[in-house]
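# Structural description and commentary
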Amino acid sequence: MQRTVRQKSLPLNDGKWARLLKTAEAYARQKDAFLVEYAHIKYLHYLGDKRALRDELVSAGFASPFGLQARMWKLALEDALFTLERQWEAAIETARGLVARHEGFTDEEKHYAFWLLYRPRKGSRDWKRIQAIFTGDDVTGEQVTLDGAKRHRVRNYLRRVLRRVLGRRPRVKKARSFVVDRQMYRVFFSEKRQYIAVSTLTPGERVVIPLAGVHAVEGNLRVVLLPDERAVEVHISCEPAVFPAGDGEAGIDLGVTEVFTDDTGRKYRAEYCKALQEMSDYILDKGRKCQKLWALYRRNLERDPARARRIRRHNLGLAKQRKRHRRFRRRCENEINRAFNEFLKTRRPGVVAYEDLSHLRGKARSKGLSRIVSLWMRRITGERWEYKSYVHSVEDPGPVNAAYSSLTCPVCGWVDPQNRKGDIFVCRKCGFTADADQVAAMNLKARLHDEEITRYTSKSRVKEILLRRYFESSAV
Ligand SMILES: [Zn+2]
């Protein structure tokens, strides 16, 4: 797991800027060409062995048609393959959630679907199984008990779902950055200022970038262009310092009012609500304004082309919007980071129960958040949690099933929508009263050891199990 440190440069002169821009353009076109070429299903297995494809290209005598040096096209290839892998993994994760909630599948069929989508750990997937979903080949394993016709039906379903959620293939639209490896740059100091000399398109000719700050530089660097400032940002990946593992268990219930509530009832970062709401309002408002401006632009296109051009340039320009948008995102991201830091430092848990992030959708909708914000929030929370739990050595058994977690009494087990009135939980049977989010976190924590209710148990089955348990225990 890597941490990214961003180091800005001082503004660059025209000559340096032009050479960096040319390099970024060639890199973008090369990466885009790789993306188009290797997006095909028949190349999918290369995502599991990126080096193999590189070696094949080298032995076939590949030379970059866009003028990249050998080291750099190899990096562009790796970059493209990682982009494809990310898109596939996100789609597979969504498909997994859809299978889990699919009411028409039997447990055996679900088991086969999960077997096809199974990934033992990050970066180690059997891509042949995914390929088979698309090629129609019948794949099966020892633990699969389903017959051939039903396997075919499950693969068909997955193919349709994956096609839909994959959507458009990723492309590189803008030349914004390029990557250099350890042999393609040199770091030096002169009068206390740090410089990085990076390779560009011409072998032996390096561009010297003066940095605004000082930081240890190692591994691959991504040089990101900042056209508004005529400067670059150097992204340095480094291995973060890892804290020793804590002990004990905790549960967290992710929210939209605060980042989350833990099983002791503590709420982390109440400021989050406002940050999210403002970001959502901004995006909705911007969308409406943009629509009006485009209409105005189209109306003026023939009558007054000069005016149309001005609207296009000044009012529909993206630079300022991007900058503001980035500010909103940073603020929310900071709240998420702080919440996890506060929680992990004060509780020091060894294991944490949390819910599948795809279940958060309902909550976000109830707060009137825009769809974009809600999707973004889920993705960032997941990413930040993955990173923070790694840094704090938290064991990750994967998300637990969150069905009925906020409606079930943690004391007597009674499950009832009436148990919850807004933010307050009052059990209709035993009278246990607590904060509703705390109750959810307590129930999630208990599910760490639930052998019957796993992540993939359907919602209706969860309710059956919970009610059966209640009546069994109250009969005694
Ligand atoms: Zn109760």
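Small disclaimer: the values here were computed from a predicted structure and weren't measured. (Residues numbered from 1 in each chain as written. Predicted model: local features only at pLDDT ≥ 70, side-chain atom pairs only at ≥ 80, totals over all residues. Heavy atoms only, no water.)

A tally of regular secondary structure across the protein gives 13 helices and 14 strands. Overall, the C-alpha framework of the protein stretches about 85 × 60 × 50 Å when taken along its three principal axes. Looking at the protein residue by residue over its 476 residues, the buried ones come to 45%. Within the protein, contacts between residues at least 6 apart in sequence are counted, and of these 68% link residues at least 24 apart. Here the protein displays about 25,600 Å² of accessible surface, and carbon together with sulfur accounts for 50% of that area. In the protein, 95 positive and 59 negative side-chain charges are present, and the distance between their average locations comes to 8 Å. (Helix = DSSP H or I, 4+ residues; strand = E, 2+ residues; numbered from the N terminus. Buried < 20%, exposed > 50% of the residue type's maximum accessible area, 1.4 Å probe, protein only. Contact = heavy atoms within 4.5 Å. Areas by Shrake-Rupley, 256 points an atom, 1.4 Å probe, with all protein chains shown as cover. Lys, Arg positive; Asp, Glu negative; His and termini not counted. Charge placed at Lys NZ, Arg CZ, Asp CG, Glu CD.)

The biggest cluster of nonpolar side chains holds 67 residues, and the ones touching the most others in it are Leu20, Trp88, Ile130, Leu158 and Val198. Ranked by residue count, the leading element in this core is helix α3 (residues 70-100), at 14 residues. Formed jointly, this core draws a minimum of three residues from each of two domains, domain 1 (3-27 + 174-238) and domain 2 (40-166). Apart from the residues lying within four places of it in its own chain, the contact partners of leucine 158 are Val99, Ala113, Leu116, Leu117 and Ile133. With 29 residues, the next largest nonpolar core counts Ile252, Leu369, Trp376 and Met377 among its residues. (Core = buried A, V, L, I, M, F, W, Y, C linked by side-chain atoms within 4.5 Å. Domains from an automatic or database assignment.)

Six octahedral donors at a metal ideally form angles of 90 or 180 degrees, and four tetrahedral donors ideally form angles of 109.5 degrees. Each protein donor to the zinc ion is listed here as Cys409 (SG), Cys412 (SG), Cys427 (SG) and Cys430 (SG); together their distances run 2.3 Å. Note that the zinc ion binds four donor atoms; their angles at the metal cover 104 to 114°, and the shape is tetrahedral. Linear spacing of the donor residues for the zinc ion on their chain is C-x2-C-x14-C-x2-C. Here the residue cysteine 409 occupies a position in the loop between α11 (371-391) and β12 (420-421), and cysteine 427 occupies one in the loop between β13 (424-426) and β14 (433-435), the gap between them amounting to 18 residues. Of the two residues, cysteine 409 and cysteine 427, neither departs from the other in class, the shared state being buried. (Donors = N, O, S within 2.8 Å, 3.2 Å for Na, K, Ca; no water. Tetrahedral: all angles 85-135°; square planar, octahedral: opposite > 155°, others 65-115°.)

Here the protein is partitioned into domain 1 (3-27 + 174-238), domain 2 (40-166), domain 3 (254-391) and domain 4 (417-475). For domain 2 versus domain 4, the separation of C-alpha centres amounts to 36 Å. Taken together, the contact pairs six residues of domain 2 with four residues of domain 4. Summing both sides of the interface, domain 2 and domain 4 together bury roughly 430 Å²; the carbon and sulfur share of this comes to 50%. Connecting domain 2 to domain 4 are one salt bridge. A salt bridge links arginine 455 to glutamate 93; the shortest N-O distance between them is 3.1 Å. There are one residue pair in polar contact (both at pLDDT 80 or more) connecting domain 2 and domain 4. Of all elements in the fold, only α3 and α4 (107-117) reach the threshold of two or more residues within the side of domain 2 that touches domain 4. In terms of residue count, α3 provides more of the side of domain 2 that touches domain 4 than any other element does, three residues in total. (Buried area = accessible area lost by both parts, 1.4 Å probe. Salt bridge = Lys/Arg side-chain N within 4 Å of Asp/Glu carboxyl O. Polar contact = N/O pair within 3.5 Å; in protein donor to acceptor, adjacent residues only side chain to side chain.)

Below, the discussion takes up the side chain of arginine 96. Along the chain, arginine 96 falls in helix α3. Setting aside chain neighbours within four positions, we find arginine 96 in contact with Phe114, Leu117, Arg125, Arg455 and Tyr456.

What follows is about the environment of alanine 440. Within the element layout of this structure, alanine 440 appears in helix α12 (residues 436-446). Residues alanine 440 and valine 426, 14 residues apart in the sequence, show an inter-C-alpha distance of 13 Å. In this structure alanine 440 touches Asp253, Ser405 and Ser406, once residues within four positions along its chain are discounted.

The next thing to look at is the pattern of salt bridges. Evaluation of the coordinates by the stated rule reveals 39 salt bridges. Between arginine 347 and aspartate 263 there is a salt bridge, and its shortest N-O distance comes to 3.0 Å. In this pair, arginine 347 sits in helix α9 (residues 319-347) while aspartate 263 sits in the loop between β9 (260-262) and β10 (267-268), placing the two residues 84 residues apart along the sequence. Taking the relative accessible area as the measure of exposure, arginine 347 reaches 25% and is therefore partly exposed. Taking the relative accessible area as the measure of exposure, aspartate 263 reaches 10% and is therefore buried. With a shortest N-O distance of 3.1 Å, arginine 269 and glutamate 342 are connected by a salt bridge. Of the two residues, arginine 269 is situated in the loop between β10 and α7 (272-303) and glutamate 342 in helix α9; the sequence distance between them amounts to 73 residues. According to the relative accessible area criterion, glutamate 342 is partly exposed, its value standing at 26%. A network of salt bridges, in which partner residues are shared, links Arg266, Arg269, Glu271, Glu335, Arg338 and Glu342.

The next subject is the pairing of strand β3 (residues 185-190). Across six bridges, β3 lies against strand β4 (residues 193-199) in antiparallel orientation. Counterpart to phenylalanine 188 in the pairing with β4 is tyrosine 195. Where β3 folds back onto β4 in an antiparallel hairpin, the turn is made up of two residues, including glutamate 191, whose phi is positive at roughly 50°. (Pairing = 2+ DSSP bridges.)

This part is about the sheet that holds strand β1 (residues 3-8). An order of β1-β7-β6-β2 is seen for the four strands of this open sheet, with the pairing classed as antiparallel. Looking at strand neighbours, the two that pair on one side only are β1 and β2 (177-180), the edges of this open sheet. Strand-to-strand twist across the sheet, computed as the mean angle between neighbouring axes with direction ignored, equals 25°. Lying on the sheet, helix α1 (residues 14-38) is in contact with β2, β6 (221-226) and β7 (231-238); it crosses β2 at an angle near 90°. Along the sheet face, α3 touches β2 and β6 and points at about 115° away from the line of β2. (Axes fitted to C-alpha atoms, helices over the stretch in contact; angles between N-to-C directions.)

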